[in-house]
Amino acid sequence: MRLTFLSAFLLGFVSICTAQSGANWNYEGHTGPLVWGKLDRAYEACSKGHEQSPLDIGGAHLNKALQPLEFHYIAGPLTVENTGRGIVAHVNAGSSMVANGVRYNLVELDFHHPSEHSVKGKLSDMEVDLVHRSDDGKLAILAVRLNQDRGFPNALLASLFDHLPSAGKTAKITDMVSAGAVLPADRGYWTYVGSEVTPPCTEGVEWYVFENDVSMSRTQLQSFTNLFRMNTRPIQDAHGRRIEASE
């Protein structure tokens, strides 16, 4: 049977919408990280890319030419979203980071348990990835590792984790919150070129991983793990990439 014009149009429209939304993925089971690259042609970099993240940080090379990171974060309200795969805090425009001469605007904060990056094979309890985008569309992601072994609560988590929404829901945080509350006092960092840690795993991302971790409380960790048992991608092959240290 020949398709009518209207039927053809509707089928084409559905195909476009499906392509834009991408295939469903998750952190476990038949849609987990090991098969991300096979779920959708748009995700091929997840399995075929050679600059994938996260990495194990070990044997970093000191580069004295690396400049200190500059932070221009302003306090403001946030929208916390439970995507069903993790917690994302969306920030208002105005906050930025300058990394080696390039200004990146802060877009969102992504929370992972355990940490995405490991250090000499050891994962931290959690990681917060502060996602930044330059005016020309390039991504820079700042990774902060958190551990509950010292037991001190983190100020940023104290503002957010009392309001964690259920899957598919959002919560408005009207308090004046600054992303700077999650940064360590010592701003030494490791850096390398990698990718997004979720599909489509786009490469060309500038990663900055703080050398020092930040304390969080056991209660804060439990607030997150009650919702997400695990939402972390496995460590990827460095494929000879060089990791540099600022100090």
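Analysis parameters
Residues numbered from 1 in each chain as written. Predicted model: local features only at pLDDT ≥ 70, side-chain atom pairs only at ≥ 80, totals over all residues. Heavy atoms only, no water. UniProt positions renumbered as here; feature names shortened; annotations may be inferred. Salt bridge = Lys/Arg side-chain N within 4 Å of Asp/Glu carboxyl O. Buried < 20%, exposed > 50% of the residue type's maximum accessible area, 1.4 Å probe, protein only. Disulfide = S-S within 2.5 Å. Helix = DSSP H or I, 4+ residues; strand = E, 2+ residues; numbered from the N terminus. Phe/Tyr/Trp six-rings, centres within 6.5 Å; stacked < 30°, edge-to-face > 60°. Lys NZ or Arg CZ within 6 Å of the ring centre and 35° of its normal. Pairing = 2+ DSSP bridges. Arc of directions from axis to C-beta. Contact = heavy atoms within 4.5 Å.

In the nomenclature of an unreviewed UniProt entry, the chain is known as carbonic anhydrase of Candidatus Sulfuritelmatomonas gaucii. Of the chain, the UniProt comment under Sequence similarities (unreviewed entry) reads exactly: "Belongs to the alpha-carbonic anhydrase family."

Student: Any details on the pattern of salt bridges? Residues and values, ideally.
Tutor: In total, this model carries four salt bridges according to the counting rule given. For Arg242, the salt bridge is made with Glu244, and the minimal N-O distance between the two is 3.5 Å. Taking the relative accessible area as the measure of exposure, Glu244 reaches 21% and is therefore partly exposed. The network of salt bridges with shared partners includes Asp149, Arg150 and Asp213.

Student: Give me the lowdown on the state of the cysteines, citing residues and values where you can.
Tutor: Per the stated rule, a full pass over the model turns up one disulfide. Paired through a disulfide, Cys46 and Cys201 show a sulfur-sulfur distance of 2.1 Å. Looking down the S-S bond of the Cys46 and Cys201 bridge, the torsion is 90°, so its handedness is right-handed. One end of the pair, Cys46, is in helix 3 (residues 45-48); the other, Cys201, is in the loop between strand 13 (189-195) and strand 14 (203-210), and 155 residues separate them in sequence. Both residues of the pair, Cys46 and Cys201, belong to the buried class.

Student: So, the packing of aromatic side chains: which residues are in play, and what are the values?
Tutor: Under the definition given, this model contains 10 aromatic pairs. Taking 5.9 Å as the distance between ring centres and 70° as the angle between the ring planes, the aromatic pair formed by Tyr27 and Trp36 counts as edge-to-face. Residues Tyr27 and Trp36 agree in their burial class; the two are buried. With a centroid separation of 6.0 Å and 20° between ring planes, the pair formed by Phe161 and Phe224 is classed as stacked. A residue pair is termed long-range when its members are at least 10 positions apart, and Phe161 in the loop between helix 4 (155-160) and strand 12 (170-177) and Phe224 in helix 5 (residues 218-225) qualify at 63 residues. Residue classification places Phe224 among the buried positions, given a relative accessible area of 0%. A network of ring pairs unites the aromatic residues Phe111, Phe161, Phe224 and Phe228 as a single cluster. When the ring centre of Trp25 is taken as origin, the NZ or CZ atom of Arg85, which lies over that ring, is 3.8 Å away.

Student: Before we move on, can you summarise the sheet that holds strand 9 (residues 122-123) with the specific residues and values?
Tutor: Pairing is mixed across the open sheet formed by three strands, whose spatial order is 1-8-9. Strands at the two margins of the open sheet, each flanked by one partner only, are strand 1 (56-57) and strand 9. Bridging between strand 1 and strand 8 (residues 118-119) involves two bridges; their strand directions are parallel. Each bridged residue has a counterpart across the sheet, and for Asp56 the counterpart in strand 8 is Ser118.

Student: How would you explain the pairing of strand 10 (residues 126-133) if you had to name every residue and give the values?
Tutor: Taking burial as the measure, the eight residues of strand 10 include seven buried ones, the bulk of the element. Two strands pair when backbone bridges link them, and strand 7 (residues 102-112) and strand 10 are joined in this way by seven bridges, in the antiparallel orientation. Of the residues in strand 10, the one forming a bridge with His112 is Glu127. Summarising the sheet, strand 10 and strand 11 (residues 139-147) pair through eight bridges and their orientation is antiparallel. For Glu127, the partnering residue across the bridge sits in strand 11 and is Arg145. Counting the residues between successive antiparallel strands, the hairpin from strand 10 to strand 11 contains five residues, one of them, Gly137, with a positive phi of roughly 90°.

Student: Lay out helix 5 in plain terms, naming residues and giving numbers.
Tutor: Among all positions in helix 5, only Gln220, Leu221 and Phe224 are buried. In an axial view of helix 5, the angular spread of the buried residues amounts to 100°, which keeps them on one side of the axis. Opposite its buried face, helix 5 presents the exposed residues Arg218 and Thr219, each directed more than 90 degrees away. In the core, the buried residues of helix 5 are packed alongside strand 5 (87-91), strand 7, strand 10 and helix 4.

Student: Break down unusual backbone geometry for me, with residues and values.
Tutor: Geometrically, the link from Ser53 to Pro54 is a cis peptide bond, its omega value of 5° lying close to zero. One can find Pro54 in the loop between helix 3 and strand 1. The backbone of Lys120 shows a phi angle near 55°, a positive value even though the residue is not glycine. By secondary structure assignment, the location of Lys120 is in the loop between strand 8 and strand 9. Phi is positive for His239, which is not a glycine, with a value near 50°. Tracing the chain through its elements places His239 in the loop between helix 5 and strand 16 (244-245).

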